[in-house]
Amino acid sequence: MSAISRDEVAHLARLSRLTLPDSELDQYAGQIDSILSHVAQISEVDVSGVETTAHPAGLANVLRPDVVVPGLSPEQALSGAPSVEQDRFAVPQILGEDQ
């Protein structure tokens, strides 16, 4: 027996605001039925001795030590700038004078 009917697929399509032709309703009904069958088959697996996890691989944060290093001085940071004004990058104005 099929886990999902063609009418249920049509109902889901309406809820999702999808317009599906009749040929696609039959196609999707078969595909969804196949998916539900596989999920049911997986649900039958005995996992009583298996520890629950959030991820199948053991994860650990790999962090480097937080070492303070000196940054650039303003002169070094602005050394390659095409134009400097008041120890800042100077860029062309894009808004009017009043703004």
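Because the structure is a prediction, the values reported are computed rather than measured.

### A look at the pattern of salt bridges
Consideration 1: Taken as a whole, this structure holds two salt bridges when the rule is applied.
Consideration 2: The shortest N-O distance in the salt bridge between arginine 6 and aspartate 22 comes to 3.2 Å. Here the residue arginine 6 occupies a position in helix α1 (residues 6–15), and aspartate 22 occupies one in helix α2 (residues 22–43), the gap between them amounting to 16 residues.
Consideration 3: Across the pair arginine 6 and aspartate 26 runs a salt bridge whose closest N-O atoms are separated by 2.6 Å. Taken together, the positions of arginine 6 in helix α1 and aspartate 26 in helix α2 put the pair 20 residues apart, joining distant regions of the chain.

### A few points about the nonpolar core
Consideration 1: Membership of the largest hydrophobic core is limited to five residues, which are Ile4, Val9, Ala10, Leu25 and Ala29.
Consideration 2: Contributions of two or more residues to this core are made by α1 and α2.

Rules used in this analysis
Residues numbered from 1 in each chain as written. Predicted model: local features only at pLDDT ≥ 70, side-chain atom pairs only at ≥ 80, totals over all residues. Heavy atoms only, no water. Salt bridge = Lys/Arg side-chain N within 4 Å of Asp/Glu carboxyl O. Helix = DSSP H or I, 4+ residues; strand = E, 2+ residues; numbered from the N terminus. Core = buried A, V, L, I, M, F, W, Y, C linked by side-chain atoms within 4.5 Å. Buried < 20%, exposed > 50% of the residue type's maximum accessible area, 1.4 Å probe, protein only.

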